[in-house]
Amino acid sequence: MAIKRVSSTITEHLLNEQRLNPEATGAFTFLLNELIVAAKVINREVNRAGLVDILGATGDVNVQDEQVQKLDLFANRAIIERMQHIGQLCCMVSEEDANLIDIPVKYPKGDYILLFDPLDGSSNIDVNVSIGTIFSIHRRQNKEDNVDYLLSDVLQPGYKQVAAGYFVYGSSTIMVYTSGNGVNGFTLDPGVGEFLLSHENIRIPEYGSIYSVNEANEAYWNKETKALIAYFKSIDRKAGRPYTSRYVGSLVADFHRNLLKGGIYMYPSDLKEPKKPNGKLRLLVEANPLAMIAEQAGGYASDGFRSILNINPDAIHQRTPLFIGSKKDVELAEQFISRK
Ligand code: FBP
């Protein structure tokens, strides 16, 4: 009886990639494998959230001025506690922490910087709608021996990312990542406890058929943004319009759907909160990693005027408007938004 070969595991995939790079030391593969373990721990907690006292808010407000959810805290700790002692990192950045996260002196340090959104889609945590973890990896640039890292090592433009990816904790748990050689997706097989290759060499369609935006914010948009959304909703059968509207309210889930089916996710700048003229999303831990994935899959990501990956960050919690997904749709969004 022929045994059907199980798809390749993420570790097998990482080792194959490592072999392609003669300078590789295995540090990166080890780093990603440890991050995957942290994601499995988060996944387990998300799956049984209704059974354990982990739903609801902690009562604290984070640096983003948002209510901290208990699962946000759990996910943040799970990643920090797992990654701080592996000896591959010189520091970390989390959406939940106001400051850079140093590696305790008792642990060895490395040359990589891990930036992450521990649990994206906070508003969906308690209602069993897909949420996720987003990560970005940089290599420290400064070579000074007496300092672990400089702020400039953390505030690098997105095109310098070594790797980026996300986990979606949804109907199934999936990991999508790139290290600059295309984009692949791996589905967690709960029976085996392994992420197995399920989506090889993902390519996003050039034109989409879906637009994802919170239209409840329309009153706060400028006329260029209103014109853009109206365009996607206007009738032109030959051009496949109107697009259909899909908005889960979890960036990672909306992005993942559009990556596979073709479409555009938008979080424009708005006048809703004077303190957030650049919209809601964070450049380092949300926009940059997804932009690298989008571009590696043949898509594009913009702030309405330029490529997200070319933005020079000046603060770790900097926000940016985001238009991301199918290349032609995002280029069109740029034409509308930058139209003066
Ligand atoms: P966090 O949940 O990590 O804070 O991320 C922001 C986010 O929840 C995105 O996942 C989502 O796309 C967006 O905000 C939803 O915002 P809004 O409720 O304003 O539409």
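Look above for the structure.
Here the structure is a predicted model, which is why all the values come from computation and not from measurement.

Peer 1: Hey, could you run me through the pairing of strand E3 (residues 89–94) in this one?
Peer 2: Successive side chains on a regular strand alternate, one facing one side of the sheet and the next facing the other. With respect to burial, E3 is a largely interior element, 6 of its 6 residues being buried. Inspection of the sheet shows E3 paired to strand E5 (residues 112–120) by 5 bridges, in the parallel sense. Paired with methionine 92 across the bridge in E5 is leucine 114. By the bridge criterion, 2 bridges tie E3 to strand E4 (residues 101–102) in an arrangement that is antiparallel. Paired with methionine 92 across the bridge in E4 is isoleucine 101. Counting the residues in the hairpin turn of E3 and E4 gives 6 residues.

Peer 1: Would you mind going over the sheet that holds strand E8 (residues 173–178) with me for this structure?
Peer 2: Sheet strands associate in pairs through backbone hydrogen bonding, adopting either a parallel or an antiparallel arrangement. Ordered in space as E4-E3-E5-E6-E7-E8-E9-E10, the 8 strands form an open sheet in which the pairing is mixed. Pairing within the sheet leaves two strands with one partner each, and these edge strands are E4 and strand E10 (194–199). Contacting E8, strand E9 (184–189) and E10, helix H1 (residues 10–20) runs over the sheet at an angle of about 5 degrees to E8. Against the sheet, helix H6 (residues 251–261) makes contact with E5, strand E6 (131–139), strand E7 (163–169), E8 and E10, and its axis sits at roughly 105 degrees relative to E7, the strand it touches most.

Peer 1: I keep staring at the site of the ligand and nothing clicks. Help me out?
Peer 2: For the ligand, the set of nearby residues contains 18 residues, the closest of which are Asp120, Ser122, Tyr247, Leu251 and Tyr267. Measuring from an oxygen atom of the ligand, one finds a side-chain N or O atom of aspartate 117 at 2.9 Å. Within the contact set of the ligand, an oxygen atom lies 2.8 Å away from a backbone nitrogen or oxygen of serine 122. Protein chains bury 91% of the 470 Å² of accessible surface belonging to the ligand in isolation. The set of elements that each furnish at least two residues to the shell around the ligand consists of E5 and strand E13 (264–267). Looking at the shell around the ligand, the element that brings in the most residues is E5, giving 3 residues. Counted by class, the shell around the ligand contains 6 nonpolar, 5 polar and 7 charged residues.

Peer 1: Hey, could you run me through the nonpolar core in this one?
Peer 2: Soluble globular proteins tend to pack their nonpolar side chains together in the buried interior. By size, the foremost hydrophobic cluster in this structure holds 43 residues, and its most contacted members are Leu114, Phe135 and Ile137. Top element by residues in this core is helix H2 (residues 27–47). It accounts for 10 residues. Those residues within four positions of phenylalanine 135 in sequence are excluded, and the remaining contacts are Leu32, Leu35, Leu114, Leu115, Phe116, Ala164, Gly165, Tyr166, Phe167, Met175, Tyr177 and Pro289. Ranked by size, the runner-up nonpolar core spans 41 residues in total, among them Leu115, Val176, Phe255 and Leu309.

Peer 1: Quick question: what am I supposed to make of the pattern of salt bridges here?
Peer 2: Any two side chains of opposite charge can pair, on the condition that their charged atoms come close. Overall, the coordinates contain 13 salt bridges when judged by the stated rule. Residues glutamate 95 and arginine 282 are paired through a salt bridge, measuring 3.0 Å at the closest nitrogen-oxygen approach. With glutamate 95 in the loop between E3 and E4 and arginine 282 in the loop between E13 and helix H7 (283–296), this pair connects stretches of sequence that are 187 residues apart. Just as glutamate 95 is buried, arginine 282 falls in that class too. Across the pair arginine 257 and aspartate 254 runs a salt bridge whose closest N-O atoms are separated by 3.0 Å. With arginine 257 and aspartate 254 both in helix H6 and 3 residues apart, this pair spans about one turn of that helix. Exposure class is identical for arginine 257 and aspartate 254. Each is buried.

Rules behind the numbers
- Residues numbered from 1 in each chain as written.
- Predicted model: local features only at pLDDT ≥ 70, side-chain atom pairs only at ≥ 80, totals over all residues.
- Heavy atoms only, no water.
- Buried < 20%, exposed > 50% of the residue type's maximum accessible area, 1.4 Å probe, protein only.
- Helix = DSSP H or I, 4+ residues; strand = E, 2+ residues; numbered from the N terminus.
- Pairing = 2+ DSSP bridges.
- Contact = heavy atoms within 4.5 Å.
- Axes fitted to C-alpha atoms, helices over the stretch in contact; angles between N-to-C directions.
- Near = heavy atom within 4 Å.
- Polar contact = N/O pair within 3.5 Å; in protein donor to acceptor, adjacent residues only side chain to side chain.
- Areas by Shrake-Rupley, 256 points an atom, 1.4 Å probe, with all protein chains shown as cover.
- Nonpolar A, V, L, I, M, F, W, Y, C, P; charged D, E, K, R; others polar.
- Core = buried A, V, L, I, M, F, W, Y, C linked by side-chain atoms within 4.5 Å.
- Salt bridge = Lys/Arg side-chain N within 4 Å of Asp/Glu carboxyl O.

Everything listed here is a matter of coordinates, which is why it stays silent on function.
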